[in-house]
Amino acid sequence: MKKRAGILILVQMIAVIGGLWLAALFLQQGNADVFSYLYDTVPLLLLFVIALPPMLVHGIWNDFLRVFRLGKSDRNFSICEIKKTLLAIELLQKQIIYGTVMIVCVYAMVILVKIDEINLLGPSMAVNLDSVIYMAIALLFIEPLKAYAQRYLEDYLAEEED
């Protein structure tokens, strides 16, 4: 296994940013400013606050970061460590998904309670959906890491059999 996870993440980041930029460019019609709805800091910060602290508090963050060291040829990890890495990746995925569901639901309730004019509902819900976009972006980065760690484990097990 020669490729490292950091390189894979860099390529993935370029692809995601380029894809989002092209999607927003193609979806922009007339005077509708799609780009202004694609970035909202509040849901992004809430997603970080909901997803990351439980991993830090329970010490699982170090298991997650191990995936970036799997490609080094001078490091050998045990099967237990690789499985802990896979579990940490799965936990982060679940934290992001559940956190996003909570953010979208709370944000939608606040919008529906506070909205006075029905014509403001569309732009408000568009900003609310930023959380789903952030979730999708995060999962686009995390899923290849999971596949990389799984492949590393399978290669490790295959080497042990030989």
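What this report covers is the structure whose coordinates are included nearby. (Residues numbered from 1 in each chain as written. Predicted model: local features only at pLDDT ≥ 70, side-chain atom pairs only at ≥ 80, totals over all residues. Heavy atoms only, no water.)

**Things to note about the overall build of the chain**
Line of reasoning, step 1. A count of helices and strands for the chain gives six helices and zero strands.
Line of reasoning, step 2. Counted from the first residue to the last, the chain has its helices and strands arranged as α-α-α-α-α-α.
Line of reasoning, step 3. In the chain, buried positions account for 29% of the 162 residues.
Line of reasoning, step 4. Within the chain, contacts between residues at least 6 apart in sequence are counted, and of these 78% link residues at least 24 apart.
Line of reasoning, step 5. For the chain, the computed accessible surface area is about 10,400 Å², with 67% contributed by carbon and sulfur atoms. (Helix = DSSP H or I, 4+ residues; strand = E, 2+ residues; numbered from the N terminus. Buried < 20%, exposed > 50% of the residue type's maximum accessible area, 1.4 Å probe, protein only. Contact = heavy atoms within 4.5 Å. Areas by Shrake-Rupley, 256 points an atom, 1.4 Å probe, with all protein chains shown as cover.)

**Notes on the environment of M55**
Line of reasoning, step 1. Note on placement: M55 falls in helix α2 (residues 41-57).
Line of reasoning, step 2. On the accessibility criterion, M55 (0% relative accessible area) is buried.
Line of reasoning, step 3. M55 sits 36 residues away from L91 along the chain, and the two C-alpha atoms are 8.2 Å apart.
Line of reasoning, step 4. Among residues more than four places away in sequence, those in contact with M55 are I60, W61, F64, A88, L91 and L92.

**A closer look at the nonpolar core**
Line of reasoning, step 1. Counting 28 residues, the largest nonpolar core has F64, V67, L70, I89, L92 and I96 as its most contacted members.
Line of reasoning, step 2. Among the secondary structure elements, those contributing two or more residues to this core are α1 (5-27), α2, α4 (79-114) and α6 (130-161).
Line of reasoning, step 3. For this core, the element with the most residues is α6, which contributes twelve residues. (Core = buried A, V, L, I, M, F, W, Y, C linked by side-chain atoms within 4.5 Å.)

**Here's the deal with the pattern of salt bridges**
Line of reasoning, step 1. Here the structure, examined in full by the defined rule, presents two salt bridges.
Line of reasoning, step 2. Between D63 and R66 there is a salt bridge, with its nearest N and O atoms 2.9 Å apart. The same class applies to D63 and to R66, which are both buried.
Line of reasoning, step 3. Salt-bridge contacts for K146 lead to E90; the nearest nitrogen and oxygen are separated by 3.7 Å. Separated by 56 residues along the polypeptide, K146 in helix α6 and E90 in helix α4 bring together distant segments of the chain.
Line of reasoning, step 4. Assessed through its relative accessible area of 23%, K146 is described here as partly exposed.
Line of reasoning, step 5. Under the relative-accessibility criterion, E90 is labelled partly exposed at 28%. (Salt bridge = Lys/Arg side-chain N within 4 Å of Asp/Glu carboxyl O.)

**Focus on the layout of surface pockets**
Line of reasoning, step 1. Reported here for the largest pocket is a volume of approximately 420 Å³.
Line of reasoning, step 2. Around the largest pocket, the lining is made up of 18 residues, and of these F48, I96, A138, F141 and I142 lie nearest the centre.
Line of reasoning, step 3. Counting only elements with at least two residues in the lining of the largest pocket, the list comes to α1, α2, α3 (60-65), α4 and α6.
Line of reasoning, step 4. Top contributing element to the lining of the largest pocket by residue count: α6, with six residues.
Line of reasoning, step 5. The class makeup of the residues in the lining of the largest pocket is 18 nonpolar, no polar and no charged. (1 Å grid on protein atoms, 1.4 Å probe; cavity = no way out; pocket = protein on both sides within 12 Å on 5 of 7 lines; lining within 4 Å. Points joined across faces, edges and corners; volume = space filled by probe spheres on them. Nonpolar A, V, L, I, M, F, W, Y, C, P; charged D, E, K, R; others polar.)

**Some thoughts on a negative patch on the surface**
Line of reasoning, step 1. A contiguous patch of negative charge, built from E154, D155, E159, E160 and E161, is present on the exposed surface.
Line of reasoning, step 2. Its place among the elements puts E154 in helix α6. (Patch = residues over 30% accessible without salt bridge, like charges linked within 9 Å, V, L, I, M, F, W, Y side chains within 5 Å. Lys, Arg positive; Asp, Glu negative; His and termini not counted. Charge placed at Lys NZ, Arg CZ, Asp CG, Glu CD.)

**Quick look at the environment of V49**
Line of reasoning, step 1. Mapped onto the elements of the fold, V49 is located in helix α2.
Line of reasoning, step 2. Once the C-alpha coordinates of V49 and G99 are considered, the two residues, 50 residues apart in sequence, prove to be 9.0 Å apart.

**A word on a nonpolar patch on the surface**
Line of reasoning, step 1. On the surface, L10, M13, I14 and I17 cluster together into a nonpolar patch covering about 390 Å² of accessible area.
Line of reasoning, step 2. Along the polypeptide, L10 turns up in helix α1.
Line of reasoning, step 3. The exposure class of L10 is partly exposed, given its relative accessible area of 46%.

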